[in-house]
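Commentary on secondary and tertiary structure
Residue strings, one per chain:
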Amino acid sequence: MAGHKIVVVGGGSAGLTVAARLRRQGQTDVAVIDPASTHYYQPLWTLVGGGRAPVEASAKPQSKVMPKGVTWIRRAAVGVDPDTKEVALDDGSHVGYEYLAMCPGIQLDWEKITGLGHTLGRDGVSSNYLYELAPATWKFIRETRSGTAVFTVPAGPIKCAGAPQKIAYLAADYWREQGVLDKMDIHLVLPTPGMFGVKEFSDVLVGVAKRYGITVHLQSEAISVNSDAREVTIADRANDSEATLGYDVMHMVPPQSAPDWVKKTSLADPANPAGYIEIDKHTMQHTRYPDVFALGDAGSSPNSKTGAAIRKQAPVVVANLVDVMAGRAPSAHYEGYASCPLTTSRHSMLLAEFDYSMKPKPSIPVINTIKERRDMWYLKRYGLPALYWQGMLRGVA
């Protein structure tokens, strides 16, 4: 059985950022387990779906972004035994480790919305949560000139929780530009009691939805789709009732959870049916296995699951991993920072930054980010992708 000092499970944003930082810290025996041949900058998919970016700009060969000097194990992890300190791979082999960083990402549970699989990608139904479907979203929006548009958000933690709202505003603004907004009946289905978890940003989004004439269904979620009738069933959790909405175009986001194989390991939080890896929300260290850390979407820390959160979590994980390897207690703390660049039109963005306190935590001096801004649009379209490819994945930002 092969073995490495540090094994990183997952070669997405979190895995590569941590691996790059470990290499910069002088760690020479780091292995990354991931079978993917292509690496995606997923935040760009919202702009693809809104007709504001080409989908090709979101992808690069994994070989081009894999940190130099790491061992790339091109298999999928299917299990972890933290007692024997082994990771099981999909070819039946095992990889041993001394220390483990878990960042396998999040699972899209499409099947939890009845009937969705039969219509996804056709008949006006799409989702920006897949590379191959984001261009279809733009096609359906562009072809729709009148009728009903529905944008849904599932209950529970999802990656980039603001993305389902962003595409609603991008679509509405497109229809406004085309002079057909008054012919559209737009519905936004949210599982939460408000537009956003931070009041200051929620208040802005209330105004955005009103500006476009969007009907907002709070504490509600889509539970099934009848593609033959072009109807979606909406459950109103506040009133314990259900209703159907007809649609001409619909953007759906599936419920999400930790990967099924992670749920079956003893690393999963036994109190959480979504199966996220049980970690201390500040140190990112596993609560029962001190040689295991987790970050990114699969961790149990109650932050928003965003790339910005990973950018703040990665240095904490690396610092604390180095501490533990040296026999010290973890010294670095993550305070729950996340940001959600909310596109509110085809030319403006609201940069929502916050932490565990659920209060605004702006990181850009002088600029008032608690309002829609055109300059923030350029940050979303050009600045953040550059920061990702040239900074985060190289372990320098």
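The structure we're discussing is the one just above.
Presented here is a report on the structure given in the accompanying data block.

So, on to the sheet that holds strand β14 (residues 220-226). Whenever strands of a sheet pair, they do so through backbone hydrogen bonds, lying parallel or antiparallel. Sheet architecture is open: 3 strands sit in the order β14-β15-β16, paired in antiparallel fashion. Strands at the two margins of the open sheet, each flanked by one partner only, are β14 and β16 (241-246). Neighbour-to-neighbour, the strand axes of the sheet open up by a mean angle of 30 degrees, direction not taken into account.

Further remarks concern helix α7 (residues 199-212). Counted at 1.5 Å a residue, the expected span for α7 with its 14 residues is 20 Å, and the 20 Å between its end C-alpha atoms agrees. Within the sequence span of α7, burial applies to F201, S202, V204, L205, V208, A209 and Y212. Mapping the buried residues of α7 onto a view down its axis gives an arc of 160 degrees, with all of them on the same face. Those residues of α7 that are exposed and angled more than 90 degrees off the buried face are K199 and K210. Lining the buried residues of α7 we find α6 (163-177), β12 (184-189), β13 (215-217), β20 (338-343) and β21 (349-354). Positive phi appears at G213, one or two residues downstream of α7, with a value of about 70 degrees.

On to the nonpolar core. Generally speaking, nonpolar side chains in soluble globular proteins are found buried as a group. Core analysis: the largest hydrophobic core is formed by 127 residues, its most contacted members being V87, L100, M102, W175 and V232. Look past the residues within four positions of V232 in its chain and what remains in contact with it is V150, A222, S224, V225, A243, T244, L245, Y247, M250 and M252.

A few words on the packing of helix α1 (residues 13-24) against helix α9 (residues 307-325). At a closest axis distance of 9 Å, the pairing of α1 and α9 adopts a crossing angle of 45 degrees. Overall, the two elements α1 and α9 adopt an arrangement that is oblique. Of the two possible hands of crossing, α1 and α9 adopt the one that is right-handed. Touching S13, A14, T17, V18, R21 and L22 of α1 are I310, A314, P315, V317, V318 and L321, all from α9. Among the residues making up the contact of α1 with α9, the classes are represented as 9 nonpolar, 2 polar and 1 charged.

A separate point is the pattern of salt bridges. Using the criterion set out here, one finds 15 salt bridges in the structure. Salt-bridge contacts for E221 lead to R237; the nearest nitrogen and oxygen are separated by 2.9 Å. Here R237 lies in the loop between β15 (231-236) and β16 and E221 lies in strand β14, a separation of 16 residues in the sequence. Using a relative accessible area of 14% as the deciding quantity, one classes E221 as buried. Here D375 ties to R373 by a salt bridge, and the two come within 2.8 Å at their closest N and O atoms. Given the relative accessible area of 18%, R373 is considered buried. One continuous salt-bridge network, built from bridges that share partners, spans R75, D90 and D91.

The next point concerns the packing of α6 against α7. Two elements in contact, α6 and α7, have axes whose closest approach is 10 Å; the angle formed by their N-to-C orientations is 35 degrees. Crossing angle aside, the handedness with which α6 passes α7 is left-handed. Touching Q165, Y169, A172 and D173 of α6 are L205, V208, A209 and Y212, all from α7. Across the contact of α6 with α7, the residue classes break down as 6 nonpolar, 1 polar and 1 charged.

Conventions and cut-offs
Residues numbered from 1 in each chain as written. Predicted model: local features only at pLDDT ≥ 70, side-chain atom pairs only at ≥ 80, totals over all residues. Heavy atoms only, no water. Pairing = 2+ DSSP bridges. Helix = DSSP H or I, 4+ residues; strand = E, 2+ residues; numbered from the N terminus. Axes fitted to C-alpha atoms, helices over the stretch in contact; angles between N-to-C directions. Expected span 1.5 Å × (residues − 1). Buried < 20%, exposed > 50% of the residue type's maximum accessible area, 1.4 Å probe, protein only. Arc of directions from axis to C-beta. Contact = heavy atoms within 4.5 Å. Core = buried A, V, L, I, M, F, W, Y, C linked by side-chain atoms within 4.5 Å. Parallel < 35°, antiparallel > 145°, perpendicular 65-115°, else oblique. Left-handed = near helix turned anticlockwise from the far one by under 90°. Nonpolar A, V, L, I, M, F, W, Y, C, P; charged D, E, K, R; others polar. Salt bridge = Lys/Arg side-chain N within 4 Å of Asp/Glu carboxyl O.

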